[in-house]
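So the chains spell out like this:
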Amino acid sequence: MRKKVIAGNWKMNNDLYGTINLISDLKKELNEKNVEADVIICPPFTSLETASTLLKDSTIKLGAQNMYLEESGAFTGEVSVSMLKSVGCEYVILGHSERRTIFSEGDQVINKKIKTAIKFGLKPIFCIGETLEEREKGITFKVVETQVQNGLKDLSESDLSNLIIAYEPVWAIGTGRNATPQQAQEVHQFIRGLISKLYSPNFARQLVIQYGGSVKADNAKELLSQPDIDGALVGGACLNADSFAKIINASLR
Ligand code: PGA
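Undergrad: Go over the overall build of the chain, please, and point to the residues and values.
TA: Across its full length, the chain carries 11 helices and 8 strands. Projected onto its principal axes, the C-alpha positions of the chain cover 45 × 45 × 35 Å. For the chain, the proportion of contacts with a sequence separation of at least 24, taken over those separated by at least 6, is 73%. Total accessible area computed for the chain in this model is approximately 11,500 Å², and 51% of it derives from carbon and sulfur atoms. Here the chain contributes 29 positive and 30 negative side-chain charges, whose respective centroids are spaced 3 Å apart.

Below is the structure:
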């Protein structure tokens, strides 16, 4: 049985004060003893160290939203994997559609980042998903397949033991228009089948595949009750402790 994993991607929101407030609200809101799901928050870089300290007595885990592909060196403005590890990160979101489109990150860059993260024991949340145009052209499966094949190129099943895949249709991100549970389930099932072919049925069965894209308190239950949807990557709705807690609670059986 796969455990549900609910991750909050804060994006470029919350300075240090906002971070302290939101984590404090979240700890009050969540009755952590009763939470069977894994809960991850991904604040901006500048808040990670403080967040890590504030989460010491909590079951909430910490992730970053991005990292650079090289291990160290002359890369002005970038943040490395060991820097993330040193401030207490356990996860890193890689290949988010905003990175792919706004910052022109392609599959090859994402593949290198996944390799670097794995080498240092950081768990990747690897995002994939089609644009509206691609969906309307009927090439969703093809797009997702290419992203998976290129993003995971040259990585073995044992390399990927801590991998999470997040299926996030680009047209559903930040638009208020979520994929229907059936649309999402169909792609999740396809991804699991693909992983089964590329690796093994056993590995595919235990792989966590999250859905992301306008997940809210009122649509979470239906999405998360689909057989191949193992959690959510939440943007907008994770910035409020009450709505994020409602989504986490919706993941419980
Ligand atoms: P959203 O963002 O929940 O605001 O649609 C999801 C994401 O970008 O991960």
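Undergrad: Can you tell me about the side chain of Asn 9, naming the residues and giving the values?
TA: Along the chain, Asn 9 turns up in strand β1 (residues 5-9). A distance of 3.0 Å separates a polar side-chain atom of Asn 9 from the backbone nitrogen of Lys 11. Apart from the residues within four sequence positions on either side, Asn 9 is in contact with Cys 42, Gln 65, Ile 93, His 96, Leu 233, Val 234, Gly 235 and Cys 238.

Undergrad: Run through unusual backbone geometry, naming residues and quoting values.
TA: Excluding glycine, most residues fall at negative phi; most peptide bonds, likewise, are trans. Phi is positive for Lys 11, which is not a glycine, with a value near 55°. As for its position among the elements, Lys 11 is in the loop between β1 and α1 (16-29). One non-glycine residue, Asn 14, lies in the positive phi region at around 80°. In this structure, Asn 14 sits in the loop between β1 and α1.

Undergrad: For the packing of aromatic side chains, give the residues involved together with the corresponding values.
TA: If you walk through the whole model with that rule in mind, you get 4 aromatic pairs. Between Tyr 68 and Phe 75, the ring centres sit 4.9 Å apart and the planes meet at 45°, which makes this aromatic pair tilted. Here Tyr 68 falls in the partly exposed class, since its relative accessible area comes to 21%. The exposure class assigned to Phe 75 is partly exposed, which follows from its relative accessible area of 31%. Its end group placed over the ring of Phe 103, Arg 99 keeps NZ or CZ at 4.0 Å from the ring centre.

Undergrad: Describe the site of the ligand, with residues and values.
TA: Around the ligand, the surrounding shell holds 13 residues, and the nearest of these are Lys 11, His 96, Glu 168, Gly 174 and Ser 214. In this structure, an oxygen atom belonging to the ligand sits 2.7 Å away from a side-chain N or O atom of Lys 11. Separating an oxygen atom of the ligand from a backbone N or O atom of Ser 214 is a distance of 2.7 Å. Taking 280 Å² as the accessible area of the ligand by itself, protein coverage stands at 97%.

Undergrad: For α1, give the residues involved together with the corresponding values.
TA: Here α1 contains 14 residues, and its C-alpha end-to-end distance of 20 Å stays within 8% of the 20 Å for a straight helix at 1.5 Å per residue. Turning to α1, the residues buried within the fold contact β2 (38-42), α2 (45-54) and α11 (241-250). Two or three places before Tyr 17, at the start of α1, stands the capping residue Asp 15, its side-chain oxygen 3.1 Å from that residue's backbone nitrogen.

Undergrad: Quick rundown of the packing of α1 against α11? Include the residues and the values.
TA: When two helices pack together, their arrangement is given by the angle between the helix axes and by the axis-to-axis distance. Where α1 contacts α11, the axes come no closer than 9 Å and their chain directions differ by 45°. Classified by the interaxial angle, the pair formed by α1 and α11 is oblique. Here α1 runs over α11; the crossing is right-handed. Where α1 abuts α11, its residues Leu 22, Asp 25, Leu 26 and Glu 29 lie against Ala 241, Asp 242, Phe 244 and Ala 245. Each residue belonging to the contact of α1 with α11 can be placed in one class, and the counts come to 5 nonpolar, no polar and 3 charged.

Undergrad: Just give me the short version of the sheet that holds strand β6 (residues 164-167), but keep the residues and values in it.
TA: Spatially, β1-β2-β3-β4-β5-β6-β7-β8 is the arrangement adopted by the 8 strands of the closed barrel, whose pairing is parallel. In this sheet, adjacent strand axes meet at a mean angle of 25° when their direction is disregarded. With 2 bridges connecting them, strand β7 (residues 208-212) and strand β8 (residues 231-234) associate as parallel partners. Bridging across to β8, Tyr 211 finds its partner in Ala 232. Of the strands in this sheet, β5 (123-128) and β6 are in contact with helix α7 (residues 140-151), which crosses β5 at around 150°.

Undergrad: Account for the side chain of Ser 52, naming residues and giving values.
TA: Take Ser 52: it is sitting in helix α2. Its relative accessible area of 13% is what places Ser 52 among the buried residues. Not counting residues up to four positions away in its chain, the partners in contact with Ser 52 are Leu 62, Val 87 and Gly 88.

Here is what the cut-offs are and how they apply
Residues numbered from 1 in each chain as written. Predicted model: local features only at pLDDT ≥ 70, side-chain atom pairs only at ≥ 80, totals over all residues. Heavy atoms only, no water. Helix = DSSP H or I, 4+ residues; strand = E, 2+ residues; numbered from the N terminus. Contact = heavy atoms within 4.5 Å. Areas by Shrake-Rupley, 256 points an atom, 1.4 Å probe, with all protein chains shown as cover. Lys, Arg positive; Asp, Glu negative; His and termini not counted. Charge placed at Lys NZ, Arg CZ, Asp CG, Glu CD. Polar contact = N/O pair within 3.5 Å; in protein donor to acceptor, adjacent residues only side chain to side chain. Phe/Tyr/Trp six-rings, centres within 6.5 Å; stacked < 30°, edge-to-face > 60°. Buried < 20%, exposed > 50% of the residue type's maximum accessible area, 1.4 Å probe, protein only. Lys NZ or Arg CZ within 6 Å of the ring centre and 35° of its normal. Near = heavy atom within 4 Å. Expected span 1.5 Å × (residues − 1). Axes fitted to C-alpha atoms, helices over the stretch in contact; angles between N-to-C directions. Parallel < 35°, antiparallel > 145°, perpendicular 65-115°, else oblique. Left-handed = near helix turned anticlockwise from the far one by under 90°. Nonpolar A, V, L, I, M, F, W, Y, C, P; charged D, E, K, R; others polar. Pairing = 2+ DSSP bridges.

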